[in-house]
Amino acid sequence: MKVVFAVAVASSSCLLAHAHSSSNARRLGGTPHFKTSGASSAGPVDFKMKSRVFVPYGNGDGYAFGMGAAEKSAYDDLEKYSYSVSEQGYVNVVDWSDSSKPTVQKSLALNLEGFKLTDVNICPGKKLLFVGHGAKDTVSNGRVRVYSTVQRGTTVKATTFLREIETGPLPDMISPNNDCTMLAAACEAEGAVINGELIDPEGSVTLVRKFDTDTPEVMHAKFGSRLGTDEELIAMGVHLPLPLKAMEYWDEHSSIADKLNFAKARASYSPAMNLEPEYLGWSYDSSKVYVNLQESNAIVTVTVPSGAWASQSDFTLRIDALGLKDWSSAGPTQGIDLIKDNTCALKHFPGFSTLRQADTLQVVNIDNVDYILAACEGDDKEYGDYAEKFKFSELVNDDGTATQNGMTVSSEVHAHATSQKDLGADKSRRVTVGSAAIDYSNPAAPEIKAIVGFGGRGIAIFKDAGDKLELTWDSNSELEIKVCEHFPWAHNSVQDEEFAPINGGLYNSSDDNFKKALRDMNDPAEDGCDDAGDGKPGACPLNMTVDDRSPKDGPAPESMAAGEACGRLLLVTATEKSGVAFVYDITTVTKPKLLFVKHLTPISKTKSAGVAYATRELGDIDTEGVIFVDPAHSPSGRAGVFFGGAWSGTMSFWEFECPKAAEPVASSSTSNVVCKTFLVMLAGMLFLA
């Protein structure tokens with residue numbers, strides 16, 4: 001009788017704990033809602049790594065640097081499993097029930113070989129897993145595959161395929177809203193040269209309701225010309241990498257015209273061909289979706305119809321340009337490093353600005369107002385032999401004339417180019433030939449009107465003011481300054497997939513052209529180093545690549561997440577190629593405070609990526625996925641952050657340490673897995689009795 005009573009009590013406690021966790025309306029990964037009136041006076045005192053796991057790139061196995069093993073990740077806070085999508089077409093599962101010793105569950109891997117996987121997300125309460133994938137090309141419609149999540153019990157239940165939902169081309173990001181009643185997909189629709197011709201579909205957002213039934217409602221919010229003409233968008237400050245008149249110039253008049261064929265794209269042209277959704281976030285009340293157009297330096301707000309979706313046009317759109325960052329002395333920044341000299345050398349350069357070009361967005365609701373947090377990485381477009389990104393010296397000659405046929409240089413640009421040269425700006429600094437820099441009004445004789453680079457080299461916060469987005473705050477030069485202070489050996493440094501070792505997994509699976517690129521990166525006579533960190537020649541450690549990205553996009557923060565820790569609202573971002581994470585307190589959203597600067601892979605200072613991976617010392621490189629967990633959703637019961645390194649194939653869990661007086665009590669939801677395990681044990685005791 002005592003054993004029976006114990007089982008009953010334990011069952012009641014566990015059910016109550018699970019009910020408490022399920023009653024939390026905001027799913028993990030949803031839009032945080034924060035009331036500043038309830039904020040604590042002191043935030044976290046430390047932020048440190050608790051554990052790391054290396055994720056396979058294959059079907060539960062296969063380990064190598066550079067294979068994109070953790071391209072995107074999601075975490076199920078109820079069952080304590082994470083899911084990582086691999087560029088090779090697999091979804092691998094990690095068990096976090098012991099957050100200090102995460103383990104890969106080989107038998108639970110999902111084999112989607114042949115699919116171009118783009119993203120993964122979860123509705124834990126509905127036990128649903130979403131996997132986004134593109135078509136074999138980037139111009140045909142993609143899909144979202146829906147599965148049941150892995151479920152614990154006496155026997156673990158693996159994922160089960162439920163249904164597939166068609167989206168627009170290349171669903172680069174998929175995200176449910178807060179209560180998991182709707183799903184949105186940012187369909188990038190990336191153009192491609194196919195059979196010698198440019199095919200470039202329009203960007204769009206796919207909205208889905210009733211995705212947990214066999215008859216989901218689907219709306220394709222296509223941009224078309226609803227946001228304006230080329231001229232109207234340019235006047236609003238939206239950057240068009242290749243507007244129609246630019247297509248005409250490069251196709252008919254430029255120095256590379258004989259290598260291009262834009263005829264079909266020009267004949268079917270729409271401004272939306274320039275507008276490629278990269279990332280999205282839901283408003284707290286689920287009435288809007290904020291969609292990031294990275295290459296166009298803008299955000300589209302889609303107002304979601306609340307009633308019946310009677311037609312495919314029952315939505316409204318608004319577009320807001322994110323503006324240029326002015327790096328001259330007249331601007332608000334502390335300068336920029338455009339000089340490749342192996343030192344931190346921030347200066348103001350007259351006439352030099354950059355597109356912010358956010359990669360990741362994170363929406364937060366503060367005191368009932370939605371704010372959009374943006375990691376301003378930078379990016380550009382390429383179509384075959386056409387590349388939007390130029391080295392400045394390959395666009396403008398030393399005498400101030402343009403290198404391209406028929407193109408001219410304004411007198412203002414000529415003067416600014418001279419001033420920048422006198423200040424030591426690298427002649428290979430990357431600049432755009434899109435609409436922000438060049439006036440293509442006369443396609444036969446376009447004029448270079450400005451010198452504009454890529455990426456805001458920081459983070460920015462925008463407020464939804466109802467009829468527009470307003471810039472609330474920008475980090476200006478702080479990311480470059482703080483990396484120079486804390487990790488000068490990682491200042492605008494680089495480690496990416498091209499640093500993979502010869503005869504490794506990536507090398508052996510690559511074509512001849514990429515194999516040559518890897519050989520060059522490992523050859524000290526080309527781009528490699530005499531000592532890769534093991535006393536042998538090979539790819540360089542981070543401390544040997546200082547300043548490599550200074551003429552390009554600088555620190556390039558690419559990922560972003562936010563949530564509550566220690567009673568404060570925090571923002572976490574990480575740089576793409578140098579592996580540095582920043583934690584800001586944004587409780588006072590107009591005056592964020594930098595709390596921590598951490599390096600995600602300190603061993604990379606002296607060891608190349610391949611060498612450090614082989615010894616399992618490597619940290620997170622190319623953190624495409626960052627997941628913020630508050631205590632109620634954390635595997636350890638403490639607020640923390642998951643960092644998923646795409647090229648490193650790693651997933652790390654970092655925890656916040658709160659002041660002793662403010663140490664949060666873990667939500668009973670954290671005991672979900674423990675409850676299940678305990679019940680099984682007690683049931684066994686009862687059986688034996």
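Computed from a predicted model, the values in this text were never measured in an experiment. (Residues numbered from 1 in each chain as written. Predicted model: local features only at pLDDT ≥ 70, side-chain atom pairs only at ≥ 80, totals over all residues. Heavy atoms only, no water.)

1. Comments concerning the overall build of the protein
Of regular secondary structure, the protein possesses 10 helices and 42 strands. The C-alpha radius of gyration computed for the protein amounts to 25 Å, which stays within 12% of the reference 26 Å derived for 689 residues, consistent with globular compactness. Counting only C-alpha atoms and orienting by the principal axes, one finds that the protein spans roughly 95 × 65 × 50 Å. For the protein, contacts bridging at least 24 residues in sequence account for 61% of all contacts bridging at least 6. A total of about 25700 Å² of accessible surface is found on the protein, and carbon and sulfur atoms cover 50% of it. (Helix = DSSP H or I, 4+ residues; strand = E, 2+ residues; numbered from the N terminus. Rg over C-alpha atoms; globule rule 2.2 N^0.38 Å. Contact = heavy atoms within 4.5 Å. Areas by Shrake-Rupley, 256 points an atom, 1.4 Å probe, with all protein chains shown as cover.)

2. Quick word on the layout of surface pockets
If you add up the space inside the second largest pocket, you get close to 260 Å³. As for the second largest pocket, its lining consists of 13 residues, of which Phe-392, Asn-397, Asp-398, Ala-417 and Lys-421 are closest to the centre. Looking at side-chain class alone, the lining of the second largest pocket contains four nonpolar, five polar and four charged residues. (1 Å grid on protein atoms, 1.4 Å probe; cavity = no way out; pocket = protein on both sides within 12 Å on 5 of 7 lines; lining within 4 Å. Points joined across faces, edges and corners; volume = space filled by probe spheres on them. Nonpolar A, V, L, I, M, F, W, Y, C, P; charged D, E, K, R; others polar.)

3. A short note on the sheet that holds strand E22 (residues 324-326)
Read from one edge to the other, the open sheet built from three strands follows the order E22-E23-E33, with strand pairing classed as mixed. On the outer flanks of this sheet lie E22 and strand E33 (451-454), each paired with one strand and no other. Here the strands of the sheet are splayed against their neighbours by 35° on average, with no regard to which way each runs. The pairing of E22 with strand E23 (residues 352-355) spans three bridges and is classified as antiparallel. (Pairing = 2+ DSSP bridges. Axes fitted to C-alpha atoms, helices over the stretch in contact; angles between N-to-C directions.)

4. A word on the state of the cysteines
Taken as a whole and judged by the stated rule, the model has four disulfides. Here Cys-123 engages in a disulfide with Cys-180; their sulfurs sit 2.1 Å apart. Between Cys-123 and Cys-180, the S-S torsion sits near -100°, and that sign places the bridge as left-handed. One end of the pair, Cys-123, is in strand E8 (residues 116-123); the other, Cys-180, is in the loop between strand E12 (171-176) and strand E13 (182-187), with 57 residues separating them in the sequence. (Disulfide = S-S within 2.5 Å.)

5. Section: the sheet that holds strand E42 (residues 650-657)
Ordered by their spatial adjacency, four strands build an open sheet running E2-E42-E41-E40, and the pairing between neighbours is antiparallel. Each end of this open sheet is capped by a strand with a single partner; those strands are strand E2 (46-54) and strand E40 (625-629). Within this sheet the neighbouring strands show an average axis-to-axis angle of 20°, counted without direction. Strand direction decides the pairing type here: strand E41 (residues 640-645) and E42, joined by six bridges, are antiparallel. Opposite Val-641, over in E42, you have Trp-654 as the bridge partner.

6. Comments concerning the side chain of Gln-294
Here Gln-294 is to be found in the loop between strand E19 (288-293) and strand E20 (298-303). For Gln-294, a relative accessible area of 1% corresponds to the buried category. If sequence neighbours within four positions are ignored, Gln-294 has contacts with Glu-276, Glu-278, Gln-357, Ala-358, Asp-359, Glu-377, Gly-378 and Asp-379. (Buried < 20%, exposed > 50% of the residue type's maximum accessible area, 1.4 Å probe, protein only.)

7. Quick look at helix H8 (residues 512-521)
Within the span of H8, buried status applies to Leu-518, Asp-520 and Met-521. When H8 is viewed along its axis, its buried side chains cluster within an angular range of 160° and face the same direction. Those residues of H8 that are buried are in contact with helix H7 (505-508). Among the residues of H8, the N-terminal cap falls to Asp-511, whose side-chain oxygen and the backbone nitrogen of Asn-513 are separated by 3.3 Å. (Arc of directions from axis to C-beta. Polar contact = N/O pair within 3.5 Å; in protein donor to acceptor, adjacent residues only side chain to side chain.)

8. Regarding the environment of Gln-88
Topologically, Gln-88 is positioned in the loop between strand E4 (81-85) and strand E5 (90-95). Gln-88 sits in the partly exposed class, given a relative accessible area of 30%. When the C-alpha atoms of Gln-88 and Ala-646 are compared, they prove to be 12 Å apart, with 558 residues separating the residues in sequence. Gln-88 has contacts with Tyr-57, Met-67 and Glu-113, leaving out every residue within four places of it along the chain. Polar side-chain contacts of Gln-88 include one of 2.8 Å to the backbone oxygen of Met-67.

9. Examining the packing of aromatic side chains
Here the structure, examined in full by the defined rule, presents 21 aromatic pairs. When the ring of Phe-47 is compared with that of Phe-596, the centres are 6.3 Å apart and the planes differ by 25°; the resulting orientation is stacked. Highlighted residues: Phe-47 in strand E2 and Phe-596 in strand E39 (residues 593-599), separated in sequence by 549 residues. Across the pair, Phe-596 and Phe-47 agree in class, each one buried. On the accessibility criterion, Phe-47 (1% relative accessible area) is buried. Each member of the aromatic cluster is reached from another via a ring pair, and the members are Tyr-249, Trp-250, Phe-262, Tyr-383, Tyr-386, Phe-390 and Tyr-440. (Phe/Tyr/Trp six-rings, centres within 6.5 Å; stacked < 30°, edge-to-face > 60°.)

10. Describing unusual backbone geometry
With a phi angle near 65°, Ser-286 is a residue other than glycine that sits in the positive phi range. Its place among the elements puts Ser-286 in the loop between strand E18 (277-282) and E19. Residue Ser-286 is classed as buried on the basis of its relative accessible area of 12%. The phi torsion at Asn-476 lies on the positive side, around 55°, for a residue other than glycine.

11. Let's talk about empty space enclosed by the protein
Evaluated as defined, the whole model comprises two cavities of 30 Å³ or more. Each pocket or cavity is described by its volume, and for the largest cavity that value is around 540 Å³. When residues of the lining of the largest cavity are traced back to their parent elements, those giving at least two are strand E3 (72-76), E8, E12, E18, strand E24 (358-366), strand E36 (557-565) and E40. The class makeup of the residues in the lining of the largest cavity is 20 nonpolar, 12 polar and five charged. Space inside the second largest cavity adds up to approximately 40 Å³. If you trace the second largest cavity, you find it lined by Asn-492, Ser-493, Arg-549, Asp-553, Gly-554, Pro-555, Ala-556, Lys-577 and Ser-578. When the residues that make up the lining of the second largest cavity are grouped by side-chain class, the tally is two nonpolar, four polar and three charged.

12. Topic: the confidence of the model for the protein
Confidence along the protein averages 92 in pLDDT terms, with 92% of residues attaining 70 or more. Confidence drops under pLDDT 50 across residues 1-25; counting only partners more than four residues distant or on other chains, this segment forms 25 contacts. Taken as a whole, residues 667-689 scores under 50 in pLDDT and shows 40 contacts with residues more than four places along the chain or in a different chain. (pLDDT = per-residue confidence, 0-100.)

13. Notes on the environment of Glu-558
Mapped onto the elements, Glu-558 comes out in strand E36. Sequence separation of Glu-558 and Ala-517 is 41 residues, and the distance between their C-alpha atoms is 24 Å. For Glu-558, the contacting residues outside a window of four places in its chain are Asp-359, Thr-360, Ala-375, Glu-377, Ala-574, Glu-576, Asp-622, Thr-623 and Glu-624.

14. As for the side chain of Asn-177
Residue position: Asn-177 is located in the loop between E12 and E13. A polar contact is formed between the side chain of Asn-177 and the backbone nitrogen of Thr-181, at a distance of 2.9 Å. In this structure Asn-177 touches Arg-27, Met-182, Trp-282 and Ser-286, once residues within four positions along its chain are discounted.

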